[in-house]
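# Per-entry structural report
Each chain, written out:
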Amino acid sequence: MSTTEKTSVAGGAATSAKLGGAAAGLLAVLCAAFFLDALDTSMVAVALPTVQQALHMSISQLQWVVSGYVLGFGGFLLLGGRAADLLGRRRVFLIALIGFFLMSGLGGFATSGTMLIASRFLKGVSAGFTAPAGLAIILTSFPEGPVRNRALSIYSSTGAAGFTFGLISGGLLSEVGWRWVFIMPTIVSGLILLAAPRLIPTDDRDSSSRGSMDLPGAAAITLAMLLLVFTLTEAPGVGWGAPRTLLSLLAVAALLAVFVAVEHRQPSPLLPLGLLASWPRVRANLGVMAFVGGWAAAQFMATLYMQETRGWSALTTAAAFWPCGVLGLFVAPRMEKLIGRFGVPRVLSFGLVLTVVAYGLLLPLGLTSGYWPALFPTFALIGIAFAVCFSTLSISATAGVAPERQGVASGLFQSSAQFGTALLVAITTAVNQAVAGPGAHGAMHGYHAALLVPLIAAAAVLVLSLPAAVRKRQPALA
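Residues numbered from 1 in each chain as written. Predicted model: local features only at pLDDT ≥ 70, side-chain atom pairs only at ≥ 80, totals over all residues. Heavy atoms only, no water.

Below, the discussion takes up the overall build of the protein chain. Within the protein chain, the regular secondary structure consists of 19 helices and zero strands. For 478 residues, the compact-globule estimate of 2.2 N^0.38 gives 23 Å, and the C-alpha radius of gyration of the protein chain, at 21 Å, lies within 12% of that figure. For the protein chain, the spread of C-alpha atoms along the three principal axes comes to 65 × 55 × 45 Å. A sequence separation of at least 24 residues applies to 82% of the contacts in the protein chain between residues at least 6 apart. Carbon and sulfur atoms form 70% of the exposed surface of the protein chain, whose accessible area is close to 18,500 Å². For the protein chain, the centre of its 27 positive side-chain charges and the centre of its 15 negative side-chain charges are spaced 7 Å apart. (Helix = DSSP H or I, 4+ residues; strand = E, 2+ residues; numbered from the N terminus. Rg over C-alpha atoms; globule rule 2.2 N^0.38 Å. Contact = heavy atoms within 4.5 Å. Areas by Shrake-Rupley, 256 points an atom, 1.4 Å probe, with all protein chains shown as cover. Lys, Arg positive; Asp, Glu negative; His and termini not counted. Charge placed at Lys NZ, Arg CZ, Asp CG, Glu CD.)

Following this line, the structure appears as structure tokens:
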């Protein structure tokens, strides 16, 4: 089968909002990879106490089992997106997936904390290439409009489901043995590897990007992202006003300035600055930063509340989050009709309203609050909001982008989500530590203050989105 014929399989099967045949198979394998990324992120958190005892790790080492993955993932997303455009999305996706498979196995057989952290970092780097390549494959395989909207809605809801399932499966597997928490992603990624070569079409050479890799720009932005994520992760521990934190932030600013200067002079820039000339695209990246980061921060505080203050087990805590992933699966199939009827800005604003209400419902949380009246409504609303907001934000962030730039647009979007996670979790943690007092009541003061951070972030994005939503009927891809 020729390149053109293979490329047209997905496009030909995706001629209506109902995905079938080759298009459905392609979307299934890409959703499985996204599910795996989210699964791996949340699964490990529940098993950390067991891992610490088994490998005799210190607290400072233990945090890097999670932070190492985030550092590798967030630091290489832009480079991964550009590599996908330049070298071929299918090729980059498959090679990076092999790396993910190998590093998962290495983590499962780790004999020391250092070995485990190294495997997590390299696995994060692999995800930094698979994530933008996978999203770019969707964007170039499904035409703009109802078909792509439906595909993106399903894609985003599988991420939320993967995160929730990871919490629950992490609790279950850690009861059997902590190594299974790392071996399970090996099995899942192996199954995806078996199916992916058949289901992902070969890249159309005519639509591939021309030019060089822009190594100076890649070095500057990758170092900036690595240092930024590292600084935000470490800041709550060493202090926001500490010389180390301030010097690191100055170094990040200097690297970003170098990156902008390099991009202005490059004929084939890593990040075409013209992508940032569109306010809807900038707004979408700010939105995903606040939305994904805010939920990560709220989830972190809710976990501390349930486990440390209420004394719930890790498995019970993980199971409490089930509405976050399950409810989105029922909303995703209806997103295409909602967007077609009301337009992206209005649907996005509706999702952000749900998010603000969800965080507001957490503020009266008390020491004796029951799960169903106090926590379930928030988790249910967030589950719906995730399917609504992530899909509409991804549509806004990539609409109108030329095929040869879809990889870098996807990398920018996902980099914003990772940066938002690092930033808002760090700020929320700092607020919690500053306000929390001794005892259970003191801990509640800390939680209440910290939960204002994601609430304010969601409200700010809602304010930015409302002007577009209240205008006269917007096009579906506005």
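What follows concerns unusual backbone geometry. Located in the positive-phi region is histidine 56, a residue other than glycine, with phi close to 55°. Note on placement: histidine 56 falls in the loop between α2 (22–55) and α3 (59–75). On the accessibility criterion, histidine 56 (70% relative accessible area) is exposed. (Buried < 20%, exposed > 50% of the residue type's maximum accessible area, 1.4 Å probe, protein only.)

The next subject is a nonpolar patch on the surface. Taken together, Val176, Trp180, Ile187, Leu191 and Leu194 make up a surface patch of nonpolar side chains, about 550 Å² in accessible area. Residue contributions to the nonpolar patch peak at four residues, all from helix α8 (residues 179–199). By the element assignment, leucine 194 lies in helix α8. (Patch = residues over 30% accessible without salt bridge, like charges linked within 9 Å, V, L, I, M, F, W, Y side chains within 5 Å. Salt bridge = Lys/Arg side-chain N within 4 Å of Asp/Glu carboxyl O.)

Turning next to the packing of aromatic side chains. Overall, the coordinates contain 18 aromatic pairs when judged by the stated rule. Summarising the aromatic geometry, the rings of tryptophan 178 and phenylalanine 182 are spaced 5.8 Å apart at their centres and angled 80° between planes, so their arrangement reads as edge-to-face. Phenylalanine 182 carries the same exposure label as tryptophan 178, and that label is buried. Pairing phenylalanine 386 with phenylalanine 390 gives two aromatic rings, centres 5.6 Å apart and planes at 5°, and the pair type is stacked. (Phe/Tyr/Trp six-rings, centres within 6.5 Å; stacked < 30°, edge-to-face > 60°.)

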